[in-house]
Amino acid sequence: MKAVLFDMFGVIARLQSPQSRAALQAVAGGDPDRFWQAYWSQRAPYDRGDVTGPAYWQGVCAALGIRADERLTGDLIAADLDSWSEVDDRAVALLAELADRGVVLGLLSNIPEELAARYEATQPWLDRFAVRGLSCRIGSAKPEPAAYEWCLRELGLPPEEVLFVDDREDNVRAARELGLRGHLFTTPNALRSVLAAELP
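Treat the numbers as computed from the prediction; the structure is a model and nothing was measured. (Residues numbered from 1 in each chain as written. Predicted model: local features only at pLDDT ≥ 70, side-chain atom pairs only at ≥ 80, totals over all residues. Heavy atoms only, no water.)

(A) Spotlight on the layout of surface pockets. In this structure, the largest pocket spans a volume of roughly 480 Å³. Lining of the largest pocket is provided by 21 residues; of these, Trp40, Asp47, Asn110, Arg168 and Asn171 occupy positions nearest its centre. Of all the elements in the fold, those that place two or more residues in the lining of the largest pocket are helix 3 (43-47) and helix 10 (169-177). With three residues, helix 3 is the largest single contributor of residues to the lining of the largest pocket. Its residues assigned to classes, the lining of the largest pocket comprises ten nonpolar, two polar and nine charged. (1 Å grid on protein atoms, 1.4 Å probe; cavity = no way out; pocket = protein on both sides within 12 Å on 5 of 7 lines; lining within 4 Å. Points joined across faces, edges and corners; volume = space filled by probe spheres on them. Helix = DSSP H or I, 4+ residues; strand = E, 2+ residues; numbered from the N terminus. Nonpolar A, V, L, I, M, F, W, Y, C, P; charged D, E, K, R; others polar.)

(B) Inspection of the side chain of threonine 73 at higher detail. Relative to the helices and strands, threonine 73 resides in helix 5 (residues 70-83). Residue classification places threonine 73 among the buried residues on the basis of a relative accessible area of 5%. In this structure the side chain of threonine 73 is engaged in a polar contact, spanning 2.9 Å, whose partner is the backbone oxygen of aspartate 69. In this view, threonine 73 contacts Pro54, Trp57, Gln58 and Ala68; residues no more than four positions away in its chain are not counted. (Buried < 20%, exposed > 50% of the residue type's maximum accessible area, 1.4 Å probe, protein only. Polar contact = N/O pair within 3.5 Å; in protein donor to acceptor, adjacent residues only side chain to side chain. Contact = heavy atoms within 4.5 Å.)

(C) Main features of helix 4 (residues 53-64). The end-to-end C-alpha distance of helix 4 is 17 Å, a good match for the 16 Å that twelve residues give at a rise of 1.5 Å each. Every buried residue of helix 4 is listed here: Gly53, Tyr56, Trp57, Gly59, Val60, Cys61 and Leu64. Backbone geometry just downstream of helix 4 places glycine 65 in the positive-phi region, at approximately 75 degrees. (Expected span 1.5 Å × (residues − 1).)

(D) Molecular detail of the sheet that holds strand 1 (residues 3-6). What the five strands build is an open sheet, ordered 3-2-1-4-5; its pairing is parallel. The open sheet terminates on both sides in strands that have one partner only, identified here as strand 3 (131-134) and strand 5 (181-184). Recorded for the sheet is a direction-independent mean angle of 20 degrees between the axes of neighbouring strands. Sheet topology note: the strand 4 (residues 162-166)/strand 5 ladder contains four bridges and is parallel. Considered in strand 5, the bridge of phenylalanine 164 is made with glycine 182. (Pairing = 2+ DSSP bridges. Axes fitted to C-alpha atoms, helices over the stretch in contact; angles between N-to-C directions.)

Structure, rendered in structure tokens:
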């Protein structure tokens, strides 16, 4: 194994907490179940960069029967970005260790442009990645094969020399189907054990 291709959310950055989810849903108001159905049903085009943040939230609000004026749209974007902005320092420390050992690091993340820009402005550890496959900029998102294939081309490595790490089984399965090694992430310590066995 010569490279590790990391997912971002659920591995290096934390998933939305119950508190941040509640804060985001409260901005929109209404029924929480309807809100999250609308939120996720329209998320893929936003992650792929097919639509902007305002257009995404106008679509969500339309599905909820809410008028999305400029102020509400801005508040929803801000609360959404906040909900995805907590980082796991243990995972960041692991990135530093791997980089210091000379392991090639790649990132493959389903992420909209506004959130990508925030991370680039605030998280210097992103510089440790030789390749950043951000869905909003490569035009495809996991588990679409094109997303993994883009990263492999940029890494310049055959799939069997790359370990893909993600917290979602469907994403790991898609990577394995393309020949990558796959690890379903649970904790940084569990990943350390895998890496100790895989790395030369």
